[in-house]
Structures are given as structure tokens and as C-alpha cells.
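Now for the letters of each chain:
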Amino acid sequence: MIRNSHIAILNTIMKKYTNFATKAIRTQHERAFREHSVPLYLTSSFTFDDAEQARALFADEYVDNIYSRFSNPNVNEFVEKMCVLEGTEDGFGTATGMAAVFASLMTFLKSGDHILASSALFASSTRIIKEFLPKWNIEYSFYDINKPETWESLIQPNTKMIFAETPSNPGLVLIDLEHLCALGKKHNLLVNIDNCFATPYLQTPAKYGADIITHSATKFIDGQGRVCGGVVLGSAALIKEVRAFCRQTGPAMSPFNAWILSKSLETLHVRMDRHCDNALALAKWLETNPEIEKTIYPFLPSHPQYDLAKKQMSQGGGVVTFIVKGGIDRGRKFLDSLEMFSHTANLGDCRTIATHPASTTHSKIEESVREAAGIFGGTVRVSVGLEHIDDIKADIAQALEKSK
Ligand SMILES: *Cc1c(COP(=O)(O)O)cnc(C)c1O
């Protein structure tokens, strides 16, 4: 069985289903024992029938499982589902989202290359680009997300990749995928999109021509805050290179985490519908609250990129960002006054989570850079959970009152 052609077969079989829900639930491997649910394959290696099979496998004459650092049936099932949902030919599952981002950069960039990256990226991605890539003599520029007309002027002869995240974490700034991918195509650059916030249920960058798609599966894909995971997706040719890099360097996803994440994908659409409904209702309500300076949510007509959000996303996502009046002190006090919300550094959970980026995830980034990414002292990021919307609003209302 050749893995790529197996995904091609799955993609062909699943083509008859145009609905996300059916694809997410019905994409699955053959079952060895007629078991209905996917079993957990806790094995670090796989036996060879004979010396000839071992030789052929290591010579890449055909693809099958050898060792769980390279591939494992649970990881394969998760990755295959993600390929069908994102519309890509192949993928590689990683231990975390950052391992996916790092692998997607290091596979394709070499000494002397240049990467053009968004000014509003997840903080760890920004830090990899600024602090680690220069150690390998890889140059970078950050493009201003608010000025798409300037992006092209930053492309250099040695630019190899454009990297973006949309919507961004936590500023919820959108990047026009059609514009970005057209730019990449024109200049022969790899376009790499971190699609973590939208998930393939709300937006599929491959449709616009994105070459590489990365995910932190830790967030909405898991959906219950249990395991970390990530995935790099793309064409068979590109993922062949990612696989070669990861096979030697070892950022593989654990079978147990892959098993959890495959099951999670079966309910992603149902959870995302409720996350998005709750988030939109909360955003509308916050907008009318006099204690809130500003509410940011892609599907609010007041969002500066509302039209773009409607064009490239099917719903606004599960994260709402707002600025409480009173700056950094009120922001922190507000967090301490919340009773029901979880205060933790995760998102995409069925439990509502609030964070204060200025004093946590973005505390090591200079204020001007932080503010350029839309993060102010009073900014609160809420990953809106699946509790009843009335209870979510009530907790915010009492915390606003208490932190006055
Ligand atoms: C959380 C996150 C990551 C990193 O994922 P981990 O699984 O925590 O390593 C990358 N990108 C975005 C947008 C994220 O929110």
C-alpha cells in the first residue's frame, strides 16, 4: 500500500460526499478485526515478514509502517482525515502545533533564504522566526497585516516562503488568502498558512492555492483540552520532504494523541457551530456594554475586515477579543474577578477560557510590536466555550462590575 495513493483513493471515495460532517465522520482506515471504532495502536515498531520486505520498506519501494517515529496507524488515520477535510494530498502528524510550524519552516528554508512573515502571528511562531532562524542564517521580514498593498515590495530575490495566520491570535486580524496566494504564485514562493483558528470547517486555504497548511490540533480539533498535536499538510511532493525531515528529527505525534484527535474530528463541525453561535452572540452583547472599549470578532459588521471574513470564512470562529476600559490593571483585575471561566493558556476547549495576552503570551514582545498586532493593556481574549450563552455573559457582567 502506497500511502500517497491511499490518500488519493480516500479523496476519490470521499468526493461523493460534499458535506464536511460526512467526510469528517466517514473517512477511516480499513479495520483489521471489523471493529467499528478505531483501535489504539500502542506499538513503537512493526515487524517485517522477511529480510526482503525489510529491505524494500527501507528502500522506499513501497510505504507501510516501520517505526512509530515515521508513521503509525492512528497517526495515519488522523492525518488522512485532515487531508480529506483540507483538500490536500498528504500530511505529517506532529507532537504539537509548534513542531508542525517548525518542521514546515526548516524543511523548506536553508541558509541564505528569506522568509516574509505576518506581523500578527502566534507569539511562538514570531519568536522562532526572530530568535532561531537567524542562527541558521535565514533572513526574515515581517509584513504589516494592515497594509496588504506593501507586501509585494518586501519580496527579495532570496525570498522562499510567505507565512501567515488568519484569523490571527489573539488580534483576530484577517489575511486575504486570495491576495496572498496570488502573490506567492506570481513570485514562485511557498505560501504557508497556520489554519489553527479557523479549522478546515470554517476555511480551507488550499482552495486559494496555499502550498502548506499547518495546524495546532491542540485547540479546536481536540476541543476538550486533553492532548497536544499538530499537522503539516500539502501536496504529495512537498510532504515527501516534510516527512524526510521529520523522520530523522523526530517530532512525531503519539498514537494515543492521534487516536483522541481522530475521534475529535468526528464532532468538530457540531462543536464549531456552537462555538461560533456563542461567540457571535457574546460579541454582539459586548459591543453594547459601556465598560468595553472595543470588541473584535470577524463576523461583527464593525470588524474592519467584515467583508473579507464573510468571503473566506463560513462563520466567525470561536474566539472573541475585547478591550476593557482601564488599561492593563483593569485587564488583570477583570481576569481575577471571573468566577466560571477557566484562566489557562489554551483555547478551543468546550470550557470558556479567558487570557490576558499583554501580561502572559505577549509579555516578552516589545509594546510597539505588541500594539501593532492589536494587543493592548486591556485586551482580553476569550475562547468561547459550549456552556449556555447566558452563563457566559453573566460571568463577564459580574467580573466587569467587580473590577471597576
Ligand atoms: C496554539 C497555537 C499554535 C501552537 O500550537 P501548540 O499545539 O501549542 O504547539 C500555533 N499557532 C496558533 C495559531 C496557535 O493558536
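Residues numbered from 1 in each chain as written. Predicted model: local features only at pLDDT ≥ 70, side-chain atom pairs only at ≥ 80, totals over all residues. Heavy atoms only, no water.

Trainee: Which residues make up the packing of helix 4 (residues 73-86) against helix 10 (residues 255-265), and what are the values?
Mentor: One can describe the packing of helix 4 onto helix 10 by two numbers: an axis separation of 7 Å at closest approach and a directional angle of 35°. At the point where helix 4 passes helix 10, the crossing takes the left-handed sense. For the pair helix 4 and helix 10, the contacting residues are N74, V75, E77, F78, K81, M82 and L85 in the first and P255, A258, W259, L261, S262 and L265 in the second. Grouping the amino acids of the contact of helix 4 with helix 10 by side-chain chemistry returns 9 nonpolar, 2 polar and 2 charged. (Axes fitted to C-alpha atoms, helices over the stretch in contact; angles between N-to-C directions. Helix = DSSP H or I, 4+ residues; strand = E, 2+ residues; numbered from the N terminus. Left-handed = near helix turned anticlockwise from the far one by under 90°. Contact = heavy atoms within 4.5 Å. Nonpolar A, V, L, I, M, F, W, Y, C, P; charged D, E, K, R; others polar.)

Trainee: Which residues make up the state of the cysteines, and what are the values?
Mentor: Taken as a whole and assessed by the stated rule, the structure comprises 0 disulfides. Here C196 is not disulfide-linked; the sulfur of C228 is the nearest cysteine sulfur, at 11 Å. On the basis of relative accessible area, C196 is assigned to the buried category, the value being 8%. (Disulfide = S-S within 2.5 Å. Buried < 20%, exposed > 50% of the residue type's maximum accessible area, 1.4 Å probe, protein only.)

Trainee: How would you sum up the packing of helix 5 (residues 97-106) against helix 6 (residues 123-132)? Please name residues and give values.
Mentor: When two helices pack together, their arrangement is given by the angle between the helix axes and by the axis-to-axis distance. Where helix 5 contacts helix 6, the two axes come as close as 10 Å, and the packing angle between them is 30°. Pair helix 5 / helix 6 crosses with right-handed handedness. Across from M98, V101, F102 and L105 in helix 5, the residues of helix 6 making contact are S124, S125, I128 and I129.

Trainee: Could you give me a rundown of the site of the ligand, with the residues and numbers involved?
Mentor: Around the ligand, 13 residues are found, and the nearest of them are G97, D194, S216, T218 and K219. Here T218 contributes a side-chain N or O atom positioned 2.6 Å from an oxygen atom of the ligand. Protein coverage of the free-state accessible area of the ligand, which is 380 Å², stands at 91%. Within the shell around the ligand, the residues separate by chemical class into 4 nonpolar, 6 polar and 3 charged. (Near = heavy atom within 4 Å. Polar contact = N/O pair within 3.5 Å; in protein donor to acceptor, adjacent residues only side chain to side chain. Areas by Shrake-Rupley, 256 points an atom, 1.4 Å probe, with all protein chains shown as cover.)

Trainee: Describe the nonpolar core, and please don't skip the residues or the numbers.
Mentor: By size, the foremost hydrophobic cluster in this structure holds 78 residues, and its most contacted members are F78, L180, F322 and F334. At 7 residues, helix 11 (residues 268-287) tops the list of elements feeding residues into this core. Counting only domains with at least three residues in this core, you end up with domain 1 (4-265) and domain 2 (268-402). In this structure, L180 is in contact with Y143, W151, I162, A164, I175, V191 and I193, ignoring residues within four places of it in sequence. In terms of nonpolar packing, the next biggest core, distinct from the first, is built from 24 residues, A100, A103, L109 and C246 among them. (Core = buried A, V, L, I, M, F, W, Y, C linked by side-chain atoms within 4.5 Å. Domains from an automatic or database assignment.)

Trainee: Account for the sheet that holds strand 4 (residues 159-165), with residues named and values stated.
Mentor: Judged by pairing direction, the sheet is mixed, and its 7 strands sit side by side in the order 1-7-6-5-4-2-3 without closing on themselves. Two strands in the sheet have a free side with no partner beyond their single neighbour: strand 1 (90-94) and strand 3 (139-143). Along the sheet, successive strands turn relative to each other by an average axial angle of 20°, direction set aside. Summarising the sheet, strand 6 (residues 212-216) and strand 7 (residues 230-234) pair through 5 bridges and their orientation is antiparallel. Residue pairing for strand 7: H215 is matched across the bridge by V231. Seen against the sheet, helix 6 touches strand 2 (114-118), strand 3 and strand 4 and runs at an angle of roughly 140° to strand 3. (Pairing = 2+ DSSP bridges.)

Trainee: Before we move on, could you go through a nonpolar patch on the surface and cite the residues and values that matter?
Mentor: A cluster of nonpolar side chains, L40, L42 and F256, forms an exposed patch at the surface whose accessible area comes to about 280 Å². Among the structural elements, L42 can be located in the loop between helix 2 (20-26) and helix 3 (51-58). (Patch = residues over 30% accessible without salt bridge, like charges linked within 9 Å, V, L, I, M, F, W, Y side chains within 5 Å. Salt bridge = Lys/Arg side-chain N within 4 Å of Asp/Glu carboxyl O.)

Trainee: An account of the pattern of salt bridges is needed here, citing residue identities and associated values.
Mentor: Going through the model one piece at a time under the given rule, you end up with 19 salt bridges. Among the ionic pairs, R55 bridges to E52, the shortest N-O distance being 2.8 Å. Of this pair, R55 and E52 both sit in helix 3, 3 residues apart, which is roughly one turn of the helix. Judged by relative accessible area, which is 40%, R55 ranks as partly exposed. Ionic pairing is found between E61 and R55, a salt bridge with its closest N-O pair at 2.9 Å. We classify E61 as partly exposed; its relative accessible area is 48%. Each of E291, R330, E401 and K404 takes part in a single network of salt bridges with overlapping partners.

Trainee: Could you give me a rundown of the sheet that holds strand 11 (residues 353-355), with the residues and numbers involved?
Mentor: On the basis of which strands lie adjacent, the open sheet formed by 5 strands has the order 8-9-12-11-10 and mixed pairing. For this open sheet the edge positions go to strand 8 (292-296) and strand 10 (342-343), each flanked by a neighbour on one side alone. Packed onto the sheet, helix 13 (residues 327-337) meets strand 9 (319-324), strand 10, strand 11 and strand 12 (379-383) and runs at close to 125° relative to strand 9.

Trainee: Residues and numbers for the domain arrangement of the protein, please.
Mentor: A common way to state how big an interface is: give the accessible area lost once the parts meet. For the protein, the assigned domains read domain 1 (4-265) and domain 2 (268-402). One C-alpha centre belongs to domain 1, the other to domain 2, and the line joining them spans 27 Å. Taken together, the contacts link 39 residues of domain 1 with 40 residues of domain 2. If you sort the residues of domain 1 by the area they bury against domain 2, L174, L202 and F220 come out on top, with a joint share of 23%. The tally of links from domain 1 across to domain 2 stands at 3 salt bridges. Residue K311 is joined to D176 by a salt bridge in which the shortest nitrogen-to-oxygen separation is 3.7 Å. Joining domain 1 to domain 2, the criterion identifies 18 residue pairs in polar contact (both at pLDDT 80 or more). Of all the secondary-structure elements, those providing two or more residues to the side of domain 1 that touches domain 2 are helix 2, helix 6, helix 7 (177-186), helix 8 (199-202) and helix 10. (Buried area = accessible area lost by both parts, 1.4 Å probe.)

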